[in-house]
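What follows is each chain in one-letter form.
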Amino acid sequence: VLVVDGSGSMSQSFGVHPHGFYGLMEMLKTWTQSLSLSGVAAGGSPSLDGKVRVGFVQFSGIPTNVLPNGNVDAAQTTPAQTGASGRLTGSKAELESELVWQETNYMQGGTYIASALDTAADMFKSSPADG
């Protein structure tokens, strides 16, 4: 699971790219095309063939969205019926859809990561085990 910074600071230039978040999305799109993916869509049971599944969580937020545990509600995965619906996937098409959705829904708030880490852990827990 990749936990991606969607905070406002990512709108600054990074290296030669004029916008850090969009540069990161471009790099992730290229990177996912080169992975040895399982080929199994989200929710399917992958085999033990050494191939991977990937998921994305974007973090950012505003300090007024405080959860009961004190964390700022600041995690975002794709909604149901979009890409892998916020789950691990080995499908190139689902990953591409996930990244397009994340790019279109750039959060641009403060830098709050705690709830994104909880979301990432939940993504692992809710995904079918290998083999």
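This is a predicted model, so every value here is computed, not measured.

Caption draft 1: The packing of helix α1 (residues 20-34) against helix α2 (residues 92-104), seen in detail. One can describe the packing of α1 onto α2 by two numbers: an axis separation of 10 Å at closest approach and a directional angle of 180°. Judged by the angle between their axes, α1 and α2 are roughly antiparallel. Residues Phe21, Tyr22, Met25, Leu28, Lys29, Thr32 and Gln33 of α1 form the contact with α2, whose own contacting residues are Lys92, Leu95, Glu96, Leu99, Val100, Gln102 and Glu103.

Caption draft 2: Local environment of the sheet that holds strand β2 (residues 56-59). Taken together, three strands build an open sheet; the order of strands is β1-β2-β3 and the sheet is mixed. In this open sheet, the two strands that pair with only one neighbour each are β1 (2-5) and β3 (75-76). As judged from the four bridges shared by β1 and β2, these two strands associate in the parallel manner. If you follow Leu2 over to β2, its bridge partner there is Phe56.

Caption draft 3: Region of interest: the environment of Thr30. Checked against the element boundaries, Thr30 lands in helix α1. Taking C-alpha positions, Thr30 is 9.6 Å from Glu96, a pair spaced 66 residues apart along the chain.

Caption draft 4: Structural view of the packing of aromatic side chains. Taken as a whole, this structure holds three aromatic pairs when the rule is applied. Seen from their ring centres, Phe21 and Tyr22 are 5.9 Å apart, and the 75° between their planes marks the pair as edge-to-face. For Phe21, a relative accessible area of 0% gives the class buried. Overall, Tyr22 belongs to the partly exposed group, its relative accessible area being 29%. Clustering of aromatic rings is evident, with ring pairs tying together Phe21, Tyr22 and Tyr106.

Caption draft 5: Looking closely at helix α3 (residues 114-126). The end-to-end C-alpha distance of α3, which contains 13 residues, comes to 19 Å, matching closely the 18 Å that a straight helix rising 1.5 Å per residue would cover. Considered for burial, the residues of α3 that qualify are Ser115, Ala116, Ala120 and Met123. What you see down the axis of α3 is that its buried residues fit within an arc of 150°, all on one side. The elements touched by buried residues of α3 are β1, β2 and β3.

Calculation notes
Residues numbered from 1 in each chain as written. Predicted model: local features only at pLDDT ≥ 70, side-chain atom pairs only at ≥ 80, totals over all residues. Heavy atoms only, no water. Axes fitted to C-alpha atoms, helices over the stretch in contact; angles between N-to-C directions. Helix = DSSP H or I, 4+ residues; strand = E, 2+ residues; numbered from the N terminus. Parallel < 35°, antiparallel > 145°, perpendicular 65-115°, else oblique. Contact = heavy atoms within 4.5 Å. Pairing = 2+ DSSP bridges. Phe/Tyr/Trp six-rings, centres within 6.5 Å; stacked < 30°, edge-to-face > 60°. Buried < 20%, exposed > 50% of the residue type's maximum accessible area, 1.4 Å probe, protein only. Expected span 1.5 Å × (residues − 1). Arc of directions from axis to C-beta.

Function cannot be inferred from these measures alone, as they are strictly geometric.
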